[in-house]
Amino acid sequence: MNVTPLNVLAVDDDRALLNSLVRILKHEPIRLLPASDPYQAIPLIQNHDIQLVLLDLRMPGMDGIGLLQRIKEQHPDLPVIMLTGHGNIQEAVKAVKLGADDFLEKPCPPATLVQKIQAYYPHQAAPRATAKFDFPALIGASTVMRQLKKTIGRVAGTQATILLHGETGVGKELVARAIHHHSPRSKEVFVPVDCATISAEILESELFGHRRGAFTGADHDKEGLFLSADRGTLFLDEIGEFQFELQAKLLRVLQERQVRPVGSNTASAINIRLIAATNKDLALGTEQGTFRSDLYYRLAAIEVEIPALRERREDIPQLAAYFLRRHAQSTDYRFTAAALERLERYDWPGNVRELENTVIRAVALCEGNTIADKDLPARINNGKPAGTIIPPLADLEKSVLKTALSRTATRRQAAEYLHISEATLYRKLKKAGLSKTKG
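In this text the structure is predicted, and so the values were computed from the model without any measurement.

1. Considering the pairing of strand E4 (residues 80-85)
Within E4, 5 of the 6 residues are buried, which leaves it mostly tucked inside the rest of the structure. Across 4 bridges, the pairing between strand E3 (residues 52-56) and E4 is parallel. Along E4, the bridge assignment pairs Val 53 with Val 80. Each parallel crossover has a hand, and for E3 linked through helix H3 (residues 64-74) to E4 it is right-handed. Both E4 and strand E5 (residues 102-106) contribute to a ladder of 5 bridges, which runs parallel. Residue pairing across strands places Leu 83 opposite Leu 104, the latter belonging to E5.

Dropping the structure here:
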């Protein structure tokens, strides 16, 4: 492989592990600098043009989190992969939220480690995402949409798994495509999978593939969607529909970066970026025993909340105009002022998908090229104005969170006060814009 050597700094107090890294990476185009003292890291970064850091999470003196924060303060664009022992996934997720690009669980298979590092080779590296957003299909200029686009720009350049949260119809796949579009994998394939529409009996075969004779009806070998997405992005929509048994296999694939088809004893290495999405509270699912906590923490390395349409009403005229151009037979179609007013004050429980279907229906029913309020469904014409409705649930929840924080000293106490887990509390605080409150 004709690749410019990559300068990698490995920081770990375990000298045996550092020696192991040297052996594993000696045949790669890498200049590896091992450091057993975390206080050596910053000078080494400054003096050796380091391009990637492998950083242990647990070290005496200065731990990995503290060093990560110092690195990101002085070298915000320097990629960092955290190395964590078994059982410390929650801390690794915290590290990703503080700026780490990815994490690996020790002991890590050599092939997985090499594959992770290869993504940072100079000939493969792409400029890290900037504030510039270039994905016209994601429409909206409201405050929450500008923030979402800014978030997409920040997370797209990482290698970490992303979990999208949002109600049905908000456009989770569109956001996933925008992330892929801004990522170093943008020229590779994007493979979407709607887990809710595939029966549980065949979902395993669809994802991981199968060998001929593996089960009744398997009359030929089939490549699964994981292999189809190799080098690109795999998007698993409605990940909350995974059965518990299948969750274990998905976790194994994410940890080992290998996939074994049903009926086969041979695994194939894969190089994918995984984006998952759900309209369920997976943190609550872990508490209720319906979703594996270790898989949740693996998926939720970075979580992105997609706003409901009622939370960005100022985008409705632009979205409605877009759907009108898309579905009308000419460019002469328009909405009356009264029709737009009805659209803006309706709460849209079906979100953007419901708005698009409403525009399609109105185009079919209107007389001439003008869509009036009479051409809209009765539920929209009878909707209460936005200013007279009960406060949104999000506002009520934010008020409850503030009360819990004011009556307790720490987040852990606040979680106990609300009878929820710390993971659930963290996500709710982040969604409510309170994530920087308390420690």
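2. Overview of the sheet that holds E3
Taken in spatial order, the 5 strands line up as E2-E1-E3-E4-E5 in an open sheet, and their pairing is parallel. Pairing within the sheet leaves two strands with one partner each, and these edge strands are strand E2 (30-35) and E5. Each strand of the sheet is rotated relative to its neighbour by a mean of 20 degrees, with strand direction disregarded. Along the sheet, H3 makes contact with strand E1 (6-11), E3 and E4, crossing E3 at roughly 155 degrees.

3. Regarding the pattern of salt bridges
Within this structure, the stated rule accounts for 15 salt bridges. Salt-bridge contacts for Arg 313 lead to Asp 347; the nearest nitrogen and oxygen are separated by 2.4 Å. Placement of Arg 313 in the loop between strand E12 (302-305) and helix H13 (316-327) and of Asp 347 in the loop between helix H14 (337-345) and helix H15 (351-365) is noted, with a sequence separation of 34 residues between them. When the shortest N-O distance is used, the salt bridge between Glu 356 and Arg 326 registers 3.6 Å. Here the residue Glu 356 occupies a position in helix H15, and Arg 326 occupies one in helix H13, the gap between them amounting to 30 residues. Among the ionic contacts, a cluster of salt bridges with common partners joins Glu 341, Arg 342 and Asp 373.

Criteria and cut-off values
Residues numbered from 1 in each chain as written. Predicted model: local features only at pLDDT ≥ 70, side-chain atom pairs only at ≥ 80, totals over all residues. Heavy atoms only, no water. Buried < 20%, exposed > 50% of the residue type's maximum accessible area, 1.4 Å probe, protein only. Helix = DSSP H or I, 4+ residues; strand = E, 2+ residues; numbered from the N terminus. Pairing = 2+ DSSP bridges. Right-handed = clockwise from strand over helix to strand, strands pointing away. Axes fitted to C-alpha atoms, helices over the stretch in contact; angles between N-to-C directions. Contact = heavy atoms within 4.5 Å. Salt bridge = Lys/Arg side-chain N within 4 Å of Asp/Glu carboxyl O.

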